[in-house]
Amino acid sequence: MSRTSVAVHAEDVVSRAGVTALLRHQAEFELVGEREAAEVTVVALDQLDDDGEQALRALRSAHQTRIVLLVSQIEAQRLTTAIECGVVGLLVRAEVDTDSVSHAVQAAASGKGSMSGTLLSRLFEQVSRLQRQADTGQAVGVSYLTAREQDVLRLVADGFDTTEIAAKLSYSERTVKKCLYELNSRMQLKNRAHAVGYAMRHGLI
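Since this is a predicted model, take the numbers as computed values, not measurements.

Considerations on the overall build of the protein chain
Argument step 1. Tallying secondary structure elements over the protein chain gives nine helices and six strands in all.
Argument step 2. Put simply, the protein chain has 205 residues, and 42% of those count as buried.
Argument step 3. The contacts of the protein chain with a sequence gap of at least 6 include a subset with a gap of at least 24, amounting to 66%.
Argument step 4. About 10,800 Å² of surface is accessible on the protein chain, with carbon and sulfur atoms providing 49% of the total.

Here we look at the nonpolar core
Argument step 1. Core analysis: the biggest nonpolar cluster contains 18 residues, and Val-152 and Leu-153 have the highest contact counts within it.
Argument step 2. The element contributing the most residues to this core is helix H8 (residues 173-187), with five residues.
Argument step 3. Excluding its chain neighbours within four sequence positions, the residues that come into contact with Val-152 are Ile-165, Leu-169, Val-176, Cys-179 and Leu-180.
Argument step 4. Judged by nonpolar contacts, the second largest core, of 16 residues, contains Leu-59, Val-71, Leu-79 and Ala-82.

Notes on the pairing of strand E4 (residues 66-73)
Argument step 1. As paired strands, strand E3 (residues 40-47) and E4 are joined by seven bridges and run parallel to one another. Counterpart to Val-42 in the pairing with E4 is Val-68.
Argument step 2. Of the strand pairs in this sheet, E4 and strand E5 (residues 87-92) are connected by five bridges, and their pairing is parallel. Residue pairing in the sheet places Ile-67 in a bridge with Val-87 of E5.

Side note on the environment of Val-176
Argument step 1. Within the element layout of this structure, Val-176 appears in helix H8.
Argument step 2. We classify Val-176 as buried; its relative accessible area is 0%.
Argument step 3. Residue contacts for Val-176: discarding those within four places in its chain leaves Val-152, Thr-162, Ile-165, Ala-166 and Tyr-171.

Comments concerning the pairing of E3
Argument step 1. Among the eight residues in E3, six count as buried, and that is most of the element.
Argument step 2. Of the pairings in the sheet, the one linking strand E1 (residues 4-10) to E3 comprises five bridges and is parallel in character. Across the sheet, residue Val-6 finds its bridge partner in E3, namely Val-40.

With respect to helix H1 (residues 13-23)
Each full turn of the α-helix corresponds to 3.6 residues, which orients residues three or four apart in the same direction.
Argument step 1. When H1 is considered as a whole, its buried residues turn out to be Ser-15, Val-19, Thr-20 and Leu-23. Each buried residue of H1 lies within a common arc of 130° when the element is viewed along its axis, so the set occupies one face. In H1, those exposed residues whose orientation departs by more than 90 degrees from the buried face are Val-13 and Val-14.
Argument step 2. Those residues of H1 that are buried are in contact with E1, strand E2 (29-31), E3, E4 and helix H4 (98-109).

Looking at the side chain of Thr-65
Argument step 1. Mapping Thr-65 onto the fold places it in the loop between helix H2 (50-63) and E4.
Argument step 2. There is a polar contact of 3.0 Å between the side chain of Thr-65 and the side chain of Thr-41.
Argument step 3. Excluding residues within four positions of it along the chain, Thr-65 makes contact with Ala-38, Glu-39, Val-40, Thr-41, Leu-59 and Arg-60.

Thoughts on the pattern of salt bridges
Argument step 1. Enumeration over the complete set of coordinates arrives at four salt bridges.
Argument step 2. For Asp-51, the salt bridge is made with Lys-178, and the minimal N-O distance between the two is 3.0 Å. Within this pair, whereas Asp-51 is found in helix H2, its partner Lys-178 is found in helix H8, the two being separated by 127 residues in sequence.
Argument step 3. A relative accessible area of 44% means that Asp-51 is categorised as partly exposed.

The rules behind these values
All residue numbers refer to positions counted from 1 along the written sequence of the respective chain. The model is predicted, so local features are restricted to residues of pLDDT at least 70 and side-chain atom pairs to those at 80 or more, both for listing and for counting; the totals for chains, interfaces and linings are taken over all residues. The side-chain figures draw on all heavy atoms in the structure; neither hydrogens nor water molecules are used. A run of DSSP states H or I qualifies as a helix once it reaches four residues; a run of E qualifies as a strand once it reaches two. Both are numbered from the N-terminal end. Exposure classes here rest on a 1.4 Å probe applied to the protein chains alone. A residue is buried below 20% of its type maximum, exposed above 50%, and partly exposed in between. Residues are treated as being in contact if the distance between any of their heavy atoms lies within 4.5 Å. For the accessible areas, the method is Shrake-Rupley and the probe is 1.4 Å, while residue cover comes only from the protein chains on display. The nonpolar core is taken to be a set of buried Ala, Val, Leu, Ile, Met, Phe, Trp, Tyr and Cys residues, with the residues joined through side-chain atoms within 4.5 Å. A pair of strands counts as paired when DSSP detects no fewer than two bridges linking them. Directions from the helix axis toward the C-beta atoms define the arc. Here a polar contact means two N or O atoms within 3.5 Å. Within protein one must be a hydrogen donor candidate and the other an acceptor candidate, and residues neighboring in sequence count only if both atoms are side-chain atoms. In the sections that follow, a salt bridge refers to a side-chain nitrogen of Lys or Arg positioned within 4 Å of a carboxyl oxygen of Asp or Glu.

Listed below in structure tokens is the structure:
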């Protein structure tokens with residue numbers, strides 16, 4: 001019987017050990033090291049944020065692997081982004097067990113997608129919202145304003161500088177600058193003032 005090679009990536013050793021334990025005794029899977037190329041890679045994250053998205057894209061680019069993502073929480077606007085990053089299986093960590101993870105990995109290996117019911121309904125809502133925006137001529141990109149971006153823009157609108165925003169949100173100054181840079185690049189905005197005006201016009205802050 002041909003076995004599916006599976007790698008496990010996680011933010012911490014405890015999570016990695018837990019996911020590995022769910023897969024270790026499945027005869028149809030061959031676990032490989034996280035640095036090795038695998039047909040399917042299971043990634044465990046607490047939440048999908050900007051850093052997580054970059055990690056998924058890098059993983060997809062380096063190994064051309066199909067990704068099954070186990071995540072504790074995920075914002076609705078990140079669901080479509082996860083799929084763009086190469087995720088074909090998406091499960092809520094609180095709901096996973098041996099059967100659900102095994103099914104998701106098997107589906108990924110055969111080129112099929114899988115998603116927990118709660119996330120699937122949220123994805124449908126997100127896609128429907130994007131479609132409504134496209135139909136009415138609204139800027140689709142506004143749906144991709146993350147909670148972090150909203151928080152940063154609110155403080156920019158209140159007149160705080162980078163250092164003050166970082167202190168208030170417990171971020172590094174580098175994170176604040178990166179957040180604004182990515183927002184401006186994605187939305188094709190000129191500067192902070194333009195970003196604040198754009199967000200206010202669309203009722204986002």
